[in-house]
Structure formats: C-alpha cells, structure tokens
Amino acid sequence: MADKKNNNRKNNRNNDEDYNPRFRKMRKKVCPLCADKNLVLDYKNAEQLRKFVNDKGKILPRRATGACAKHQRDITLAVKRARQIAVLPYAEN
Ligand SMILES: [Zn+2]
C-alpha cells in the first residue's frame, strides 16, 4: 500500500511549465442568448431547442451550451415544456 502512494505521476509530464492538464487554455464561451438579444427561446420551436439537447434528448450542461445561469434556466424550462407538448422527445433510443 505504502509503495503505491510513492508512485509519483511522472507519466503525464510535459516540459512546458504552463501546461496543466486540469486547466487548459480555453476560449470562454459566450452565452448564445446574451450574445443575440433578438433570440427568444420558444418551447414550440423544436429546431431551436435541438441545439441544447444531445442526441439522446438530454439537456446539455452549461459547460457544453455556454449559457449563463439565467439563460440555462430558460433553456431547461423551454426544453421541459417542449417535451410535455411532444415537440421534443423525453428520450431517444
Ligand atoms: Zn445569457
């Protein structure tokens, strides 16, 4: 057990000092709903809501949609409403 702990992780080394696999340089996503003021979520518009669900019909997380907290809530609400009126599926496959 003790020697397992001493196994320091050298296999994932990179010579670049700034390199940290846990925090890669990433372009900060801008919220698609804040970026476009004219874009209004409509729960009857399946085409629009498709962008916020994956191929299984699950709602994408904020890290994938890039939406701000306020708009992610709006997206979630719209998708859930759309499911209820059978515009979007609850689950696929
Ligand atoms: Zn937003």
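Quick look at the structure, then. Remember, it's a predicted structure, so these values are computed and weren't measured experimentally.

Procedures and definitions
- Residues numbered from 1 in each chain as written.
- Predicted model: local features only at pLDDT ≥ 70, side-chain atom pairs only at ≥ 80, totals over all residues.
- Helix = DSSP H or I, 4+ residues; strand = E, 2+ residues; numbered from the N terminus.
- Core = buried A, V, L, I, M, F, W, Y, C linked by C-beta atoms within 7 Å.
- Buried ≥ 20, exposed ≤ 12 C-beta atoms within 10 Å, placed from the backbone.
- Contact = placed C-beta atoms within 7 Å.

With that settled, consider the environment of Thr 76. Note on placement: Thr 76 falls in helix H5 (residues 69-84). Along the sequence, Thr 76 and Phe 52 sit 24 residues apart, while their C-alpha atoms lie 8.6 Å from each other.

What follows covers the nonpolar core. Within the largest apolar cluster, 10 residues are counted, these being Leu 33, Leu 49, Phe 52, Val 53, Ala 67, Ile 75, Ala 78, Val 79, Ala 82 and Leu 88. For this core, the element with the highest residue contribution is H5, accounting for four residues. Not counting residues within four places of it along the chain, the set of residues in contact with Leu 33 comprises Leu 39, Ala 67, His 71 and Asp 74.

Residue Ala 86 is not a glycine yet carries a positive backbone phi of 60°. Assignment of secondary structure puts Ala 86 in the segment after H5. Notably, Asn 93 is not glycine yet its phi reads approximately 65°, a positive angle. Position of Asn 93 among the secondary structure elements: in the segment after H5.

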